[in-house]
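So you can see what is in the structure, the chains are spelled out below.
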Amino acid sequence: MHHDDEPVFKRSKWGTNRYYYNPQNPVGLALIVITLLFVGTMLILMANRAGPFAAPPAPQPWKTPAYEHPKPSLQPTGTPGVGTP
């Protein structure tokens, strides 16, 4: 069986302009197998809600920031209105 002269895609005989993979061509058969594996993997991931179909993580509850009092200045400033020596 030498199928190198078979096209990879064949025109549908249903009266539409659609094409389908030709299983008589090795490349067409490989495309069929790859497509089935890809679709099967995606369906399993969707059913298990895994991978790109995983639910986003639950948001963390909002925490109020701790109020910090400003630290008093320890430098002597002298009398108000009068410069320090």
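For every chain, the first residue of the written sequence is number 1, and numbering continues from 1 along that sequence. In keeping with the model being predicted, local features are shown solely for residues with a pLDDT of at least 70 and side-chain atom pairs are shown and tallied solely at 80 or more, while totals for entire chains, interfaces and linings include all residues. Note: side-chain values were computed over all heavy atoms of the structure, leaving out hydrogens and water.

Caption draft 1: Examining the overall build of the protein chain more closely. What counts as a helix is a DSSP run of H or I of at least four residues, what counts as a strand is a run of E of at least two, and both are numbered from the N terminus. Helices and strands together make up the secondary structure of the protein chain, namely 1 helix and 2 strands. For the protein chain, the sequential pattern of α-helices and β-strands runs β-β-α. The buried label applies to any residue whose accessible area, calculated with a 1.4 Å probe on protein chains only, is under 20% of its type's maximum; exposed applies above 50%, and partly exposed to all values in between. When burial is assessed residue by residue, the protein chain has 5% of its 85 residues classed as buried. Between two residues, a contact is recorded if the distance between any of their heavy atoms is within 4.5 Å. Here the analysis covers contacts within the protein chain between residues at least 6 apart in sequence; of these, 0% occur between residues at least 24 apart. Accessible surface, the protein chain as shown: approximately 8300 Å² in total, 65% of it carbon and sulfur. Per-residue and other accessible areas were derived by the Shrake-Rupley procedure at a 1.4 Å probe size, with only the shown protein chains allowed to occlude residues.

Caption draft 2: Here's a closer look at the packing of aromatic side chains. Between 30 and 60 degrees the pair is tilted, below 30 it is stacked and above 60 it is edge-to-face, where a pair is any two Phe, Tyr or Trp rings, Trp via its six-membered ring, whose centres lie within 6.5 Å. This model, assessed by the stated rule, comprises 1 aromatic pair. With a centroid separation of 5.7 Å and 40 degrees between ring planes, the pair formed by Phe9 and Tyr21 is classed as tilted. With Phe9 in strand E1 (residues 9-11) and Tyr21 in strand E2 (residues 19-21), the pair connects residues that are 12 residues apart, well separated along the chain. By relative accessible area, Tyr21 is classed as partly exposed at 31%.

Caption draft 3: Representation of the pattern of salt bridges in the model. The working definition used for a salt bridge is a side-chain nitrogen of Lys or Arg within 4 Å of a carboxyl oxygen of Asp or Glu. Counted according to the given criterion, the structure contains 1 salt bridge. In this structure, the salt-bridge partner of Glu6 is Lys10, at a minimum N-O distance of 3.8 Å.

Caption draft 4: Main features of the environment of Asn22. Relative to the helices and strands, Asn22 is located in the loop between E2 and helix H1 (26-48). Asn22 sits in the buried class, given a relative accessible area of 2%. Between the C-alpha atom of Asn22 and that of Ile32, which follows or precedes it by 10 residues, the distance is 8.6 Å.

Caption draft 5: Just a nonpolar patch on the surface, in detail. Nonpolar side chains (Val, Leu, Ile, Met, Phe, Trp, Tyr) within 5 Å and like charges within 9 Å form the patches, drawn only from residues with over 30% relative accessible area and no salt bridge. Residues Phe38, Val39, Leu43, Met46 and Phe53 make up a contiguous nonpolar surface patch of roughly 470 Å² in combined accessible area. Checked against the element boundaries, Phe53 lands in the segment after H1. Of the residues examined, Phe53 reaches a relative accessible area of 33% and is grouped as partly exposed.

Caption draft 6: Region of the structure containing unusual backbone geometry. Of note, Arg49 is a non-glycine position whose phi angle comes to about 50 degrees, a positive value. As for its position among the elements, Arg49 is in the segment after H1.

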